[in-house]
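Structural overview
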Amino acid sequence: MYHFIMDFQNFVDSFAISACVMSVERTPDGHCGDIRVVSANKLYKEHMGESTYYDGIIYSELVPKEPQFEEFCFRCAFQKRRLRSYVEMKTFDCWTDSAYIPLESDKENIGYCAFFFEFTQNADSDRLASVSFETASSVIKTCTELRKSDDFKSCLNAVMSEIQEKSDCFCSTIILIDREKQKYEVLCEKFRNDEATMADFEDGLTYEIVSSWESTIAESNGLIIKDEDGMKELAKRNAPWVKTMREAEVKSLILYPIMQGIKTIGFLFITNFDTNRFIEIKELVELTAFFLSSEITNHRLLNKLEFMSTVDLLTGVKNRNAMNRRVDLFVSNEEKVKAPFGILFADLNGLKTMNDQNGHEAGDKLLKNGAKLLTEVFGYDEIYRAGGDEFVVICPGCKKSDFEKKVAELRSKSGYGSNVCFAIGAHWNEDGKNLRLSMHLADEAMYQDKEDFYKEHSDKKRRS
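Presented here is a report on the structure given in the accompanying data block. (Residues numbered from 1 in each chain as written. Predicted model: local features only at pLDDT ≥ 70, side-chain atom pairs only at ≥ 80, totals over all residues. Heavy atoms only, no water.)

A separate point is the pairing of strand β14 (residues 390-396). Burial of β14 is extensive: six of the seven residues sit out of reach of the surface. Across seven bridges, strand β12 (residues 341-348) lies against β14 in antiparallel orientation. For F345, the partnering residue across the bridge sits in β14 and is V392. In the sheet, strand β13 (residues 382-387) pairs with β14 via five bridges, with the strands oriented antiparallel. By the bridge assignment, R385 is partnered in β14 with F391. A loop of two residues connects β13 with β14, the two strands running antiparallel in sequence, and G388 in this loop sits at a positive phi of about 60°. (Buried < 20%, exposed > 50% of the residue type's maximum accessible area, 1.4 Å probe, protein only. Helix = DSSP H or I, 4+ residues; strand = E, 2+ residues; numbered from the N terminus. Pairing = 2+ DSSP bridges.)

The buried fraction of strand β5 (residues 94-103) amounts to seven of the 10 residues, a majority that puts the element mostly inside the structure. Strand direction decides the pairing type here: strand β4 (residues 83-89) and β5, joined by seven bridges, are antiparallel. What sits directly across from E88, in β5, is W95. In this structure, β5 lies alongside strand β6 (residues 110-120), joined through nine bridges in antiparallel fashion. Looking across to β6, one finds that S98 is bridged to F117. Counted along the chain from β5 to the antiparallel partner β6, the turn is six residues long.

So, on to helix α14 (residues 360-378). In a regular helix each residue adds 1.5 Å, so 19 residues correspond to 27 Å; α14 covers 27 Å between its end C-alpha atoms and thus fits that length. Here α14 has its buried residues at G363, L366, L367, G370, A371, L373, L374, V377 and F378. Buried residues of α14, seen end-on, are gathered within an arc of 160° and therefore sit on one face of the element. What points out from α14, more than 90 degrees from its buried face, is the exposed set E361, K365, K372 and E376. Here the buried face of α14 lies against β12, α13 (351-358), β13, β14, α15 (400-413) and β15 (422-429). Just past α14, the residue G379 takes up positive phi, approximately 50°. (Expected span 1.5 Å × (residues − 1). Arc of directions from axis to C-beta. Contact = heavy atoms within 4.5 Å.)

Let us now look at the environment of T142. Tracing the sequence through the fold places T142 in helix α5 (residues 133-147). In sequence terms T142 and E162 are 20 residues apart; their C-alpha atoms lie 7.7 Å from each other. With sequence-adjacent residues up to four places away left out, T142 is seen in contact with V159 and T288.

This part is about empty space enclosed by the protein. The final tally for this structure, using the stated rule, is three cavities of 30 Å³ or more. Within this model, the largest cavity holds a volume of roughly 410 Å³. Every residue lining the largest cavity is counted, 26 residues in all, and those nearest its centre are E66, F69, V87, M89 and Y100. The set of elements that each furnish at least two residues to the lining of the largest cavity consists of α2 (42-48), α3 (67-79), β4, β5 and β6. (1 Å grid on protein atoms, 1.4 Å probe; cavity = no way out; pocket = protein on both sides within 12 Å on 5 of 7 lines; lining within 4 Å. Points joined across faces, edges and corners; volume = space filled by probe spheres on them.)

How two aromatic rings sit relative to each other is given by the distance of their centres and the angle of their planes. Applying the stated criterion to the full structure yields 28 aromatic pairs. When the ring of Y86 is compared with that of W95, the centres are 5.3 Å apart and the planes differ by 35°; the resulting orientation is tilted. Under the relative-accessibility criterion, Y86 is labelled buried at 6%. Ring centres 6.4 Å apart and planes at 45° place the aromatic pair W241 and F269 in the tilted group. You can see W241 sitting in helix α10 (residues 239-247) and its partner F269 sitting in strand β11 (residues 263-271), a full 28 residues away along the chain. The ring of F330 has K336 sitting right over it, with the charged end atom 4.0 Å from the ring centre. (Phe/Tyr/Trp six-rings, centres within 6.5 Å; stacked < 30°, edge-to-face > 60°. Lys NZ or Arg CZ within 6 Å of the ring centre and 35° of its normal.)

Moving on: the sheet that holds strand β10 (residues 253-260). Taken together, the five strands give an open sheet; going across it, the order is β8-β7-β11-β10-β9, and neighbouring strands pair in antiparallel fashion. Two strands lie at the open edges of the sheet, namely β8 (183-191) and β9 (223-225), each paired on one side alone. On average, each strand axis in the sheet is inclined to that of its neighbour by 15°, with strand direction left out of account. In this structure, β10 lies alongside β11, joined through eight bridges in antiparallel fashion. What sits directly across from Y256, in β11, is L268. This element, helix α6 (residues 152-167), spans β7 (171-178), β8 and β11 of the sheet and lies at about 55° to β8. (Axes fitted to C-alpha atoms, helices over the stretch in contact; angles between N-to-C directions.)

Structure (structure tokens):
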């Protein structure tokens, strides 16, 4: 079977990096059959395990079966294409720089290719940059799109449009997954048919299906299925997913994880692409997914930092920092409050008594309930916890009658004996000027209301 085995052995032994020669079978229907390691040098055997290796071994006895690797070997051996890839290998917890070189064969349905690889512990920027001009151009365009606007989702949609155009796919989308809440989010999407959306497929695209993708990819850096044979192989690992894809008329697909360090936070998902351009599209998607992982991770981190700096973590409303910034922007004329507007100050009565008698956990619950009541009454208005037991509400662009109605509703729901009891002060600003003065007047009115409360209910302790 291996007519050239001695020549192959001398050939691979001449290299100072891991090298082997693969035999690739072409089945009668023109697909890839068995791929065997015909000959390998010492470094290759050491990396793969010398005790396991023998000449003629099927490659999947050494490493997990990998459809993309098989596609590269098949195209190299029979289309005589010199190929290269630089991918993350989860099996070895490193990155692998691989080269495929076609070799001559004297058999019609057996082809040969030389395979070389080197490991790097982390992603090497020079190796990542070694791509075709077309891929480099598209990826540079992607990076530019991600940085040219404050609207991150619009930028991602532009990237999806670029992928859709280059791969002629039906759908390109990014899906984020939240395992704690057991739900997923379609971050962006682009369809060949502008009237289609991911919502059209939500019956089949359940959380259970999306959450199964990570284990389906397993040790690979991504998944590419280009024909029915690939679908049949995939069905052996994930039959429910394949069933939903058949129902959605998916014939080919690409799935690459979006990573935050070693954690999978989402997926780049592409369906029905131009399989004749498999190699070029793989190169484009692989590299794009790498940069998208970085950009999405950074965006999520910045959003989290912004959330932590502007949101009161106990109550979920905006915090004092956010309120002070709002006032500063108003004073500097950078961002006015839409006129007319109303200002309300609300201070919890009896918080100190609750803390003293029932502990701070009960006091925290009272604060949460206070914020919840304010949110119920004022809805989408700006609600801030100014500190301690004090809340501030800004109602931009509303009618005086509507503002007074909301204030009256809050008073009726937070009077003495209610689960949440507020001292309330309000001021209406007709011309939209002097926000600070309106806040000062509302604050004074609130303190007067609080004085009246404690005069009437002397059993309640004031805050320290």
